[in-house]
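Coordinate inspection notes
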Amino acid sequence: QVQLVESGGGSVQAGASQRLSCTASGLVFDTWVMAWFRQAPGSEREFVAAVNWHDMTAYSDAVSGRFAISRNDALRTVDLQMNSLKPEDTAVYYCAAGRSLSDRKASEYWYWGQGTQVTVSS
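One structure accompanies this document, and this report is about it. (Residues numbered from 1 in each chain as written. Predicted model: local features only at pLDDT ≥ 70, side-chain atom pairs only at ≥ 80, totals over all residues. Heavy atoms only, no water.)

Points about the packing of aromatic side chains
One pass over the full model with this rule turns up 7 aromatic pairs. Between W32 and Y111 the ring centres are 5.4 Å apart and the planes differ by 65°, which places this aromatic pair in the edge-to-face class. Of the two residues, W32 is situated in the loop between strand 3 (18–25) and strand 4 (33–39) and Y111 in strand 10 (residues 111–112); the sequence distance between them amounts to 79 residues. The class of Y111 is partly exposed, set by a relative accessible area of 29%. Where F37 meets W112, the ring centres are 5.0 Å apart and the plane angle is 65°; that geometry is what we call edge-to-face. One end of the pair, F37, is in strand 4; the other, W112, is in strand 10, with 75 residues separating them in the sequence. In this structure an aromatic cluster arises from ring pairing among F37, F47, Y94, Y109 and W112. When the ring centre of W112 is taken as origin, the NZ or CZ atom of R45, which lies over that ring, is 4.8 Å away. A cation over a ring is seen here: R99 above W110, with NZ or CZ 5.7 Å from the ring centre. (Phe/Tyr/Trp six-rings, centres within 6.5 Å; stacked < 30°, edge-to-face > 60°. Helix = DSSP H or I, 4+ residues; strand = E, 2+ residues; numbered from the N terminus. Buried < 20%, exposed > 50% of the residue type's maximum accessible area, 1.4 Å probe, protein only. Lys NZ or Arg CZ within 6 Å of the ring centre and 35° of its normal.)

Points about the pairing of strand 3
Going residue by residue along strand 3, you find Q18, L20, C22 and A24 tucked away on one face and R19, S21, T23 and S25 left uncovered on the opposite face. With 5 bridges joining them, strand 1 (residues 3–7) and strand 3 adopt antiparallel strand pairing. In the sheet register, L4 faces strand 3, and the bridge partner there is A24. As paired elements, strand 3 and strand 8 (residues 77–82) share 6 bridges and run antiparallel to each other. Note on strand 8: the bridge partner recorded for Q18 is M82. (Pairing = 2+ DSSP bridges.)

Considering the pattern of salt bridges
This model, assessed by the stated rule, comprises 5 salt bridges. With a shortest N-O distance of 2.9 Å, R38 and D89 are connected by a salt bridge. Placement of the pair is R38 in strand 4 and D89 in the loop between strand 8 and strand 9 (91–98), with a sequence separation of 51 residues. D89 gets classed as buried once you look at its relative accessible area, which sits at 0%. Here R66 ties to D89 by a salt bridge, and the two come within 2.8 Å at their closest N and O atoms. One end of the pair, R66, is in the loop between strand 6 (57–59) and strand 7 (67–72); the other, D89, is in the loop between strand 8 and strand 9, and 23 residues separate them in sequence. When salt bridges that share partners are traced, they join R38, E46, R66 and D89 into one network. (Salt bridge = Lys/Arg side-chain N within 4 Å of Asp/Glu carboxyl O.)

So far we have only geometry, and geometry alone does not tell us how the molecule works.
Set out below in structure tokens:
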């Protein structure tokens with residue numbers, strides 16, 4: 001049984017930094033692309049960042065230059081370092097596992113965590 005468990009969410013002020021972490025179990029971790037998505041109230045789930053087993057990364061335009069995704073295959077974790085946070089970054093953040101670094105749609109990802117809330121106040 002595949003499980004993805006996120007941690008590290010919370011409330012911060014605009015301009016602050018926050019780090020999210022996701023721990024995976026039940027899958028051969030180093031054969032999966034790991035990604036972060038987010039979903040704000042009333043909006044669709046959107047792609048944030050992804051990293052493959054060669055540590056190649058991809059980012060959405062909205063977070064490029066502010067967020068950094070990284071993985072540790074030995075610990076089976078994927079982290080999202082979020083800097084210079086803005087109120088529009090407020091959302092539930094989800095960890096996901098997929099097959100291709102070029103995938104950007106939520107429907108293309110196979111496994112999901114339960115999500116962690118990030119709230120950025122101005």
